[in-house]
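Letter by letter, the chains look like this.
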Amino acid sequence: MKTLTILGSTGSIGRQTLDVVNEATEKFEVFGLAAARNVDLMEEQIRRFRPAVAVMMDEKAAWELKGRLRDRSILIESGMPGLLRLVQEEKVDTVVTAVSGRIGLEPTLAALKAGKNIALANKETLVAAGELVMETARAGGCSILPVDSEHSAIFQCLEEDRGSVHKLVLTASGGPFLHMTEEEMDRATAKQALRHPNWLMGPKITIDSASLMNKGLEVIEAHHLFGMAYEAIEVLIHPQSIVHSMVEYQDGSILAQLGRPDMRLPIQYALSFPERWPNPFERLDLRGKTMTFEEPDWKKFPALALAYEVGRRGGTLPAVMNAANEEAVEEFLTGRISYPEIFRTVEATCREHKVSDNRDLATILTADAWAREFAQRTCRRG
Ligand code: NDP
Ligand code: MG
């Protein structure tokens, strides 16, 4: 029996995690659920999965939830203090981090310090503070199991002896703008960018998939998770999203993991590891399928090259790139800036930043706050 806490239970990954739990209720106990403000879905999830604790980031939402659940014995808390208490609860053994954005960093660190294992979907946390998070995990003897499909694929293909690995190959669908011209992309609306061809995900990651910033964040995520140099991490466009990523070994052999584009598989694997459990989800049938692989268009998708450059420089720069991107994507989603302005904002913020090589939490959070403020000002100037 695994006791879970799910941060971001009302989101795309959170809901699919509960689908996985629902198919194996004898294997899981849901101890805690957390979200920002979706009270309706949180109420439904609480009635179905009966957690002991629920946290709403938004205080008003927490009050409303309390009112609706007067008939239940459940502890409902709010804000970051509530989230931090929840992840450290004695009974919890695995925390699924499925919030969107760097907001996941502090609860992830708190969970690791309390000795919890992490099923990690929240890539922004590793991008912002990869060294700190991995060191904290090592110090506490905790494991960080990847939920992101590419990293789950690599994790499944990776042999113990890292010295025999030649390179990691992250696949990318190419997103909704793969076949657009640069002129069309300049005019692209949020509605177009939100139409992902293969995956149904939350809005922020869907925009990142259109710009390939998502793949850039994933390169940095892979660097930290698997301890590989950036020179040994490659990206290939694979529009069919059948091969979820690969590992090429020194002898030329390539191991790949294949599956349907269904996040429930990597989520389940992160929760069942080292075992594999059966499930009733639809399976991949390779008959009649075609698979193609191509080099990314670096000019059309400059975010990818920027992420490599930022990752190589390290220090506070990845946190800054991530924070500026979160702000710019939000501005684009609400129609305040155009699509090309996302990259311009992120790049300008990175160029302006004075990088620090301190890797403590306070330094990272200060850099993050500076980047958000600078990116906001850049967006407003237009
Ligand atoms: P969603 O936007 O669908 O969900 C985000 C979740 O986080 C919601 O439950 C939301 O609550 C909650 N949340 C948002 N802000 C806060 C906050 N300040 N405090 C606490 N909870 C908060 O995102 P996704 O599920 O798509 O993505 C989650 C993470 O997983 C991201 O880091 C993403 O990169 C990663 N990921 C997602 C994949 C996917 O297929 N969706 C694939 C691989 C990785 P509320 O509903 O109340 O707003
Ligand atoms: Mg991914």
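Calculation rules
Residues numbered from 1 in each chain as written. Chains lettered and ligands numbered in written order. Predicted model: local features only at pLDDT ≥ 70, side-chain atom pairs only at ≥ 80, totals over all residues. Heavy atoms only, no water. Donors = N, O, S within 2.8 Å, 3.2 Å for Na, K, Ca; no water. Buried < 20%, exposed > 50% of the residue type's maximum accessible area, 1.4 Å probe, protein only. Helix = DSSP H or I, 4+ residues; strand = E, 2+ residues; numbered from the N terminus. Polar contact = N/O pair within 3.5 Å; in protein donor to acceptor, adjacent residues only side chain to side chain. Contact = heavy atoms within 4.5 Å. 1 Å grid on protein atoms, 1.4 Å probe; cavity = no way out; pocket = protein on both sides within 12 Å on 5 of 7 lines; lining within 4 Å. Points joined across faces, edges and corners; volume = space filled by probe spheres on them. Nonpolar A, V, L, I, M, F, W, Y, C, P; charged D, E, K, R; others polar. Near = heavy atom within 4 Å. Areas by Shrake-Rupley, 256 points an atom, 1.4 Å probe, with all protein chains shown as cover.

A. Molecular detail of the coordination of the magnesium ion (ligand 2). Protein ligation of the magnesium ion (ligand 2) involves Asp148 (OD), Glu150 (OE) and Glu218 (OE), the donor distances falling in the range 2.1 to 2.2 Å. Sequence spacing of the donors to the magnesium ion (ligand 2): D-x1-E-x67-E. Each member of the pair Asp148 and Glu150 is classed as buried.

B. Representation of the side chain of Thr206 in the model. Structurally, Thr206 is set in helix H10 (residues 203-211). On the basis of relative accessible area, Thr206 is assigned to the buried category, the value being 2%. For Thr206, the side chain forms a polar contact with the main-chain oxygen of Gly202, separated by 2.6 Å. The contacts of Thr206, once residues within four sequence positions are left out, are Ala193, Leu194, His196 and Met201.

C. Seen up close, empty space enclosed by the protein. For the coordinates displayed, the defined rule picks out 1 cavity of 30 Å³ or more. As a volume, the largest cavity reaches approximately 40 Å³. Along its surface, the largest cavity is lined by Ser149, Ser152, Gln156, His244, Gln257, Leu265 and Pro266. Among the secondary structure elements, those contributing two or more residues to the lining of the largest cavity are helix H7 (149-157) and helix H12 (264-272). No other element matches H7, which puts 3 residues into the lining of the largest cavity. Counted by class, the lining of the largest cavity contains 2 nonpolar, 5 polar and no charged residues.

D. Spatial organisation of the site of ligand 1. Within the structure, ligand 1 sits among 25 residues, and Thr10, Arg37, Met57, Glu124 and Gly202 are positioned closest to it. Taking Gly11, its main chain carries an N or O atom lying 3.0 Å from an oxygen atom of ligand 1. In isolation ligand 1 exposes 900 Å². Once the protein is present, 86% of that is buried. Listed by contribution, the elements that provide at least two residues to the shell around ligand 1 are helix H1 (12-22), helix H6 (123-140) and H10. Grouping the amino acids of the shell around ligand 1 by side-chain chemistry returns 12 nonpolar, 9 polar and 4 charged.

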